[in-house]
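# Results of the structural survey
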There are 6 protein chains.
Amino acid sequence: MRSFQRGALDLRPVIITPGVSRYAEGSVQVEFGHTKVLVTCSTEERVPPHLMGKGTGWVTAEYGMLPRATHTRSHREAAKGKQTGRTMEIQRLIGRSLRAAVDLTTLGTRTLTLDCDVIQADGGTRTASITGAYVALVLALRSLQKAGTLTKTPKLTPMAAVSVGVVGGEVRVDLDYEEDSKADVDLNIVATGDGRMVEVQGTAEHQLFDRKTMDAMLDGGLAAIQQLVVAQAKALE
Amino acid sequence: MRSFQRGALDLRPVIITPGVSRYAEGSVQVEFGHTKVLVTCSTEERVPPHLMGKGTGWVTAEYGMLPRATHTRSHREAAKGKQTGRTMEIQRLIGRSLRAAVDLTTLGTRTLTLDCDVIQADGGTRTASITGAYVALVLALRSLQKAGTLTKTPKLTPMAAVSVGVVGGEVRVDLDYEEDSKADVDLNIVATGDGRMVEVQGTAEHQLFDRKTMDAMLDGGLAAIQQLVVAQAKALE
Amino acid sequence: MRSFQRGALDLRPVIITPGVSRYAEGSVQVEFGHTKVLVTCSTEERVPPHLMGKGTGWVTAEYGMLPRATHTRSHREAAKGKQTGRTMEIQRLIGRSLRAAVDLTTLGTRTLTLDCDVIQADGGTRTASITGAYVALVLALRSLQKAGTLTKTPKLTPMAAVSVGVVGGEVRVDLDYEEDSKADVDLNIVATGDGRMVEVQGTAEHQLFDRKTMDAMLDGGLAAIQQLVVAQAKALE
Amino acid sequence: MRSFQRGALDLRPVIITPGVSRYAEGSVQVEFGHTKVLVTCSTEERVPPHLMGKGTGWVTAEYGMLPRATHTRSHREAAKGKQTGRTMEIQRLIGRSLRAAVDLTTLGTRTLTLDCDVIQADGGTRTASITGAYVALVLALRSLQKAGTLTKTPKLTPMAAVSVGVVGGEVRVDLDYEEDSKADVDLNIVATGDGRMVEVQGTAEHQLFDRKTMDAMLDGGLAAIQQLVVAQAKALE
Amino acid sequence: MRSFQRGALDLRPVIITPGVSRYAEGSVQVEFGHTKVLVTCSTEERVPPHLMGKGTGWVTAEYGMLPRATHTRSHREAAKGKQTGRTMEIQRLIGRSLRAAVDLTTLGTRTLTLDCDVIQADGGTRTASITGAYVALVLALRSLQKAGTLTKTPKLTPMAAVSVGVVGGEVRVDLDYEEDSKADVDLNIVATGDGRMVEVQGTAEHQLFDRKTMDAMLDGGLAAIQQLVVAQAKALE
Amino acid sequence: MRSFQRGALDLRPVIITPGVSRYAEGSVQVEFGHTKVLVTCSTEERVPPHLMGKGTGWVTAEYGMLPRATHTRSHREAAKGKQTGRTMEIQRLIGRSLRAAVDLTTLGTRTLTLDCDVIQADGGTRTASITGAYVALVLALRSLQKAGTLTKTPKLTPMAAVSVGVVGGEVRVDLDYEEDSKADVDLNIVATGDGRMVEVQGTAEHQLFDRKTMDAMLDGGLAAIQQLVVAQAKALE
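Parameters at a glance
- Residues numbered from 1 in each chain as written.
- Chains lettered and ligands numbered in written order.
- Predicted model: local features only at pLDDT ≥ 70, side-chain atom pairs only at ≥ 80, totals over all residues.
- Heavy atoms only, no water.
- Helix = DSSP H or I, 4+ residues; strand = E, 2+ residues; numbered from the N terminus.
- Rg over C-alpha atoms; globule rule 2.2 N^0.38 Å.
- Contact = heavy atoms within 4.5 Å.
- Areas by Shrake-Rupley, 256 points an atom, 1.4 Å probe, with all protein chains shown as cover.
- Lys, Arg positive; Asp, Glu negative; His and termini not counted.
- Charge placed at Lys NZ, Arg CZ, Asp CG, Glu CD.
- Least-squares fit on C-alpha atoms with pLDDT ≥ 70 in both.
- Salt bridge = Lys/Arg side-chain N within 4 Å of Asp/Glu carboxyl O.
- Buried < 20%, exposed > 50% of the residue type's maximum accessible area, 1.4 Å probe, protein only.
- UniProt positions renumbered as here; feature names shortened; annotations may be inferred.
- Expected span 1.5 Å × (residues − 1).
- Pairing = 2+ DSSP bridges.
- Axes fitted to C-alpha atoms, helices over the stretch in contact; angles between N-to-C directions.
- pLDDT = per-residue confidence, 0-100.
- Buried area = accessible area lost by both parts, 1.4 Å probe.
- Polar contact = N/O pair within 3.5 Å; in protein donor to acceptor, adjacent residues only side chain to side chain.
- Disulfide = S-S within 2.5 Å.

## A look at the overall build of chain A
A count of helices and strands for chain A gives five helices and nine strands. Put simply, chain A runs from its N terminus to its C terminus through helices and strands in the order β-β-β-β-α-α-β-α-β-β-α-β-β-α. A globule of 237 residues ought to have a C-alpha radius of gyration of about 18 Å, and chain A, at 18 Å, matches this closely. By its C-alpha atoms, chain A is 55 × 40 × 30 Å across when sized along the principal axes. When contacts within chain A are restricted to residue pairs at least 6 apart in sequence, long-range pairs at least 24 apart make up 68% of them. Counting only carbon and sulfur atoms, one obtains 50% of the accessible surface of chain A, whose full area is about 9,000 Å². Of note, chain A has its 28 positive side-chain charges centred 6 Å away from the centre of its 27 negative side-chain charges.

Printed below as a string of structure tokens:
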């Protein structure tokens, strides 16, 4: 039986709590079961050097995990003086995804930084981060509009992310840590509610996968994302 | 008027929520008004090299601030590859304080690491960290005792910490960010409920301070710590 | 017209030159058109700490680009003291792929390190690296067998990698730099000759992609990989 | 008996030698017994970014210890690529103290950097550094005035620093290394000759301390600082 | 017998292949026997800060070795986050030498960067680098002149470099790795074809050397450089 | 006229003061005119990994410059987190030289570390460092012998170092900073009193140099070294 008594294609309970930070322009706490990520969206009235004078904005992301977010304590990256390859890979994925979620030319010459900090990790931290980051981004844009700082209406593409895996021959959606560590295949999908894809990253962990499995994973993932986009919309009401 | 309608020697509302982490041996969320720190206590069955074979345990601390814990976003230390001097200074202070809170010879040959991560910062993050860390430490020791891993009864000295300052000529306790930034003197005290001191760090920010002011600050701080130690005890019930 | 007068689903000329290093246990120079990567496979008679005593070997990869492999010079990572997120992401991909190419339990307690150094970059450096690395790995294993160091017969799964993209609405295989920089979608596939997948990484660069496009890209990519696996086999004869 | 045949509240022999550097605008060698620190004060005609355009100057400090300043050799921080937390803590303390010693608005838009390098360490290196740095600062300001670069008369507050500790139940002033390593309490005070305090940092090393002990330590420390301020004045004649 | 059946004062076969990079302004592959270095010369239309406004150009060099250029794999400097002292020493030597090879005032306000990357190392990588770098520099300057970017005729001083050593009491030129590791003295000379010297770096490895040996080494080295300058000229035809 | 009213081939006043450190096994302050270097020799009862079990000792060196040793303040390397290439080059030179000064097989399995810290720099810091380091090394060995820790008699080769340059067409020995910055050629020689060479490093700064100049520089340098070796011997009496 899966955690939370759910079926193979069911999500864990998803809780998106907006406005958790007193200071950030936009913020949410997003929970996928026991996975808990705090996302803030900070705005800055300037763009990176390579975009100066191009009349476009920028969206970027940083990702971190508290040392004891996991079963055993890991080293604090700040203390080691180095982000791991995994951290870099994840924050690059979040940044690319969120840049696809908003038309950068409608942002003005400003940068939005999404900080995704994992408070508790039980699998799916990158997909929870992306799902929460979309909400935090929208909240930040609303606050900019309310403040009159942002005059254009930003053009948004709602999107969310989910993990899919093959565990014991079965395609499952939204894996927790235990499932994740024994999955044969691991796929992360970022997509819109109507099935258009932003990012697809699949990895054969212990077993190669064929087209049929790939199709089943995409089906399961895109259906789950539809539900996540609904949850995002509700949180944004 | 001070925030939370309080008098010069009053604390902000203090909330200590134990057991906030599913994985850590001990954990609390501690709030001093809008300041919010997540503290976990992790245990490891070994000691640093310089203590090997000495039959004693070790307690250490690490401190971090989420990039958008504050009014404006600061750089992520992990991304810069370097902890600031302020971070190092604070985590050294927390570590020293907590080592004084427990007789290391009663810990067995194990290390307890206190991770203090500031979720939201409105002044007093180091004093909230120490106050919360004491509780997380006790919870971790209890869980070790319950698991039978720790056989001795650890010898504890309950202690807490508070900031005191001189603002506009008035001695005030538990400064929030706004008060802190205009304080003439800034003093952090770590002490027991009965007034024995562990750490005292006072700094003239804009104005030197005489013995009389020092005395008044110590009086105010020690009285406040008495209340914090009571709050800790309640959280530990 | 595409470079090298080729059709949308055609590879650039692929040249795999084995034995280019006098010292490495296995080595190739692999060319995909103007992209040129030097791959060496080095063996070491020990495994990383987390595998000690488990009777299994390890395969890992490192990736680098000469500063002037590209149109304009980029900073030397060694001089900056830091590998970029892109470099880390790529070398993690290569490592995971090659670990899927050989049954680690047949390697003995040794580590094989694949160094992929890009001499000239015209798009597809990560797919060329993986394609070449498989050959270098096999050559190193042969030399270990010949030397009698490796007594088991290593269990291999031949695999290669290719990029696929959507350029001007058309699905194209093995993009060069110019195509890559204007592609709407960018997909990298690592797979076997018979279509079983190891890694699939797709990114919407300027435009989201639907299932139909995804299917067409997978079809194109897997067909191209079939040819690459043949080229590898020829180089290994 | 204490080193140098002195009483509990006596300083070690203090020697302040001004003008030891041929190049620095201000310089001293300061000795507290066998502790020997070389302090230079360098001036630069610009201020850090956050002070630009505010018509104020800046004072900052850096601290280092030669690898063999101590009984056993320690690592060279430059070779390790990292300053220790201790070094950072000390140089922040020196910087804050010296900023309180001069009215920054009387400095013009320039930065004065105090480099405190410990040649030989026998306890009290931070207090010797601060005591010497005040003299080096005044010398640098004099040379700027003499050169006509500094036109305002800088407003100075003479100050010095001393360590106090409790050793074997007795309050002692200006501890040497041996005393320091067995002290129960360790307090560093920076203050003026007439008892106004700049910094107070007390730490319970092996035993908590009460108000009475705190008072005795402050009394002893402030009395010693009076003598140090006299020694500074003499060196500045 | 020496490698390549040569006499004590003979060079290994020298092959200089110009134009090996599709993108760099100038490039060569230089081989001294089995030592193989790829050199690119990149141009940038700006100079380092300390040369701004002085109407002069700049030449600089960076040196690297592929991890498996040698008999056993060495760490990748980019992964370690640090260049070794050896690397720094060598790239400083190459930079100084090449700056002496061209009158910087005839370059315009631009920087030429020579990247010397060792593909295979069998002794003499620094001397091969310098010898190849001169050719790459000239090729880059020619391409700048052809493009009309460089209007002055750059003033060049043809120069090359060779190693000399004392092995078993005999002075030998252009040592391979095996000879190098058992040489008693090791001397690197950078000079013009007519015997004017740019750099001379001699080291007693296992035995001190007298004036007579020094003279013999200089004689042998300068004679060999004459031949290298001829080889460079041929490559540049 | 040269500084200190000396002739072209004369040294500046050389002062070698032994025993300047209370803690180091061997120590000197060495002065070449206004250049002042503090050298300590520390011993450690172990050797680097690559020498373990070979029954030989090791000698190594580290070099640093106080930030304000020079006319203008330079960055503190520890604060920048990186030693410059110049520092690395110099400390490698000092280490190699001192390893040639003593038969490593007579040291026992211990490491001697020479820390050369420049207190004041007026040219010739590396040659003063080497000259002083020889004395500090001998003093440390004597103290080891006296303590009975070192039982063999260490086999020593007395050596010293000097700079030579061509300034305004004239060969000069022991250049000060002003001469050094305008020299056409710069040569550093490490040698014994009877003219056997350890290291020779010559650089054409603004003008290439021929054999005749090289010979004159070697003559001048070796003669000066003879005097330095006498000064060392006197300091060691």
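## Focus: the relation of the copies chain A and chain B
After a rotation of 180 degrees and a shift along the axis of 0.0 Å, chain A superposes on chain B with an RMSD of 0.0 Å. The transformation just described matches what one would write down for a two-fold rotation axis. Both copies present the same face, since 100% of the interface residues in chain A are matched by interface residues at the equivalent positions in chain B.

## Thoughts on the pattern of salt bridges
In the structure shown here, the tally under the stated rule is 127 salt bridges over all chains. Here F:R92 makes a salt bridge to E:E89, at a shortest N to O gap of 2.6 Å. Of this pair, F:R92 sits in helix α2 (residues 85-101) while E:E89 sits in helix α2 (residues 85-101), each in a different chain. Residue F:R92 is classed as partly exposed on the basis of its relative accessible area, which comes to 29%.

## Quick look at the UniProt feature "binding site: phosphate" (unreviewed entry) in chain A
Residue and element names in this part refer to chain A. Feature annotation in UniProt places "binding site: phosphate" (unreviewed entry) on R86, G124, T125 and R126, given in this structure's numbering. Spanning 41 residues, the named residues nonetheless gather at one spot, since no C-alpha pair among them exceeds 13.4 Å. Here G124 is to be found in the loop between β5 (111-120) and α3 (125-146). In this view, G124 contacts R12, T35 and L175; residues no more than four positions away in its chain are not counted. You can see R126 is positioned in helix α3. Every residue in contact with R126, bar those within four places of it in the chain, is listed here: R86, E89, I90, L93, N188 and Q201.

## Some details on helix α3 (residues 125-146) of chain C
Look at α3(C): 31 Å from first C-alpha to last across 22 residues, which is about the 32 Å you get at 1.5 Å a residue. Backbone geometry just downstream of α3(C) places C:G148 in the positive-phi region, at approximately 80 degrees.

## Comments concerning the sheet that holds strand β2 (residues 26-32) of chain D
Residues and elements named next belong to chain D. Taken in spatial order, the five strands line up as β1-β2-β3-β5-β4 in an open sheet, and their pairing is mixed. Both outer strands of the open sheet, β1 (14-18) and β4 (58-65), are each paired with one neighbouring strand and no more. The average angle at which neighbouring strand axes cross in this sheet is 15 degrees, direction not considered. Examined bridge by bridge, strand β3 (residues 35-44) and strand β5 (residues 111-120) share nine bridges and lie antiparallel to one another. Bridge pairing in β5 links T40 to D115. Running over the sheet, helix α2 (residues 85-101) touches β4 and β5 and is turned about 145 degrees from β4.

## Looking at the sheet that holds strand β4 (residues 58-65) of chain A
Residue and element names in this part refer to chain A. Read from one edge to the other, the open sheet built from five strands follows the order β1-β2-β3-β5-β4, with strand pairing classed as mixed. Where the open sheet ends on each side, the last strands, each with one partner, are β1 (14-18) and β4. Taking each pair of neighbouring strands and ignoring which way they run, the sheet shows an average axis angle of 20 degrees. Contacts between helix α2 (residues 85-101) and the sheet are confined to β4 and β5, with β4 contributing the most and set at about 145 degrees to the helix.

## Here we look at unusual backbone geometry
Phi angles above zero are rare outside glycine, and A:Q5 is one such case at about 50 degrees. Tracing the backbone through its elements, the reader meets A:Q5 in the segment before β1.

## As for the confidence of the model for chain A
Residues of chain A with pLDDT of at least 70 account for 100%, and the chain-wide mean is 97. The ipTM, which scores confidence in the relative placement of chains, is 0.95 for this predicted complex, and the corresponding pTM is 0.95.

## Describing the interface of chain A and chain B
Of the residues lining the interface, 37 residues belong to chain A; the matching set on chain B comes to 37 residues. Taken together, the two surfaces of chain A and chain B that pack against each other cover about 2,800 Å², and 50% of this comes from carbon and sulfur. Applying the counting rule to chain A against chain B returns 12 salt bridges. Note that A:R73 is salt-bridged to B:D115, the shortest N-O span being 2.5 Å. Scanning the region where chain A abuts chain B turns up 21 residue pairs in polar contact (both at pLDDT 80 or more). Put simply, the parts of the chain that give the side of chain A that touches chain B at least two residues each are β3 (35-44), β4, α1 (77-80) and β5 of chain A. Top contributing element to the side of chain A that touches chain B by residue count: β5(A), with six residues.

## Some thoughts on the UniProt feature "domain: Exoribonuclease phosphorolytic" (unreviewed entry) in chain A
Within the UniProt annotation, "domain: Exoribonuclease phosphorolytic" (unreviewed entry) is assigned to residues 11-140 and 158-221 of chain A. Helix makes up 27% of residues 158-221 of chain A and strand 45%, with an end-to-end C-alpha separation of 16 Å.

## Thoughts on the state of the cysteines
Enumeration over the complete set of coordinates arrives at zero disulfides over all chains. Free cysteine E:C41: the closest other cysteine sulfur is in E:C116, separated by 9.6 Å.

## Digging into the pairing of strand β9 (residues 197-204) of chain D
For β9(D), the buried fraction is high: eight of the eight residues fall into the buried class. Pairing between strand β9 (residues 197-204) of chain B and β9(D): five bridges, direction antiparallel. Looking at the pairing, B:E199 lines up with D:T203 of β9(D). Both strand β8 (residues 185-192) of chain D and β9(D) contribute to a ladder of seven bridges, which runs antiparallel. Opposite D:V185, over in β9(D), you have D:A204 as the bridge partner. Between β8(D) and β9(D), which pair antiparallel one after the other, the connecting turn spans four residues, and D:G195 there sits at a positive phi close to 85 degrees.

## Regarding the side chain of C:R68
Locating C:R68 in the fold gives a position in the loop between β4 (58-65) and α1 (77-80). Residue C:R68 is classed as buried on the basis of its relative accessible area of 4%. Among the polar contacts made by the side chain of C:R68, one reaches the main-chain carbonyl oxygen of E:Y23 at a distance of 2.9 Å. A polar contact of 2.6 Å, which involves the side chain of C:R68, links it to the side chain of E:E25. C:R68 has contacts with C:R73, E:S21, E:Y23, E:A24, E:E25, E:T40, E:C41, E:S42 and E:T43, leaving out every residue within four places of it along the chain.

## A word on the side chain of F:S27
Residues and elements named next belong to chain F. Looking at the element boundaries, S27 is found in strand β2 (residues 26-32). Given the relative accessible area of 3%, S27 is considered buried. Within the structure, S27 has its side chain in polar contact with the backbone nitrogen of V20 (distance 3.0 Å). Only 2.9 Å separates the side chain of S27 from the backbone nitrogen of S21, close enough to count as a polar contact. With residues near it in sequence (within four places) discarded, S27 still touches T17, P18, G19, V20, S21, V39, T40, A136 and L139.

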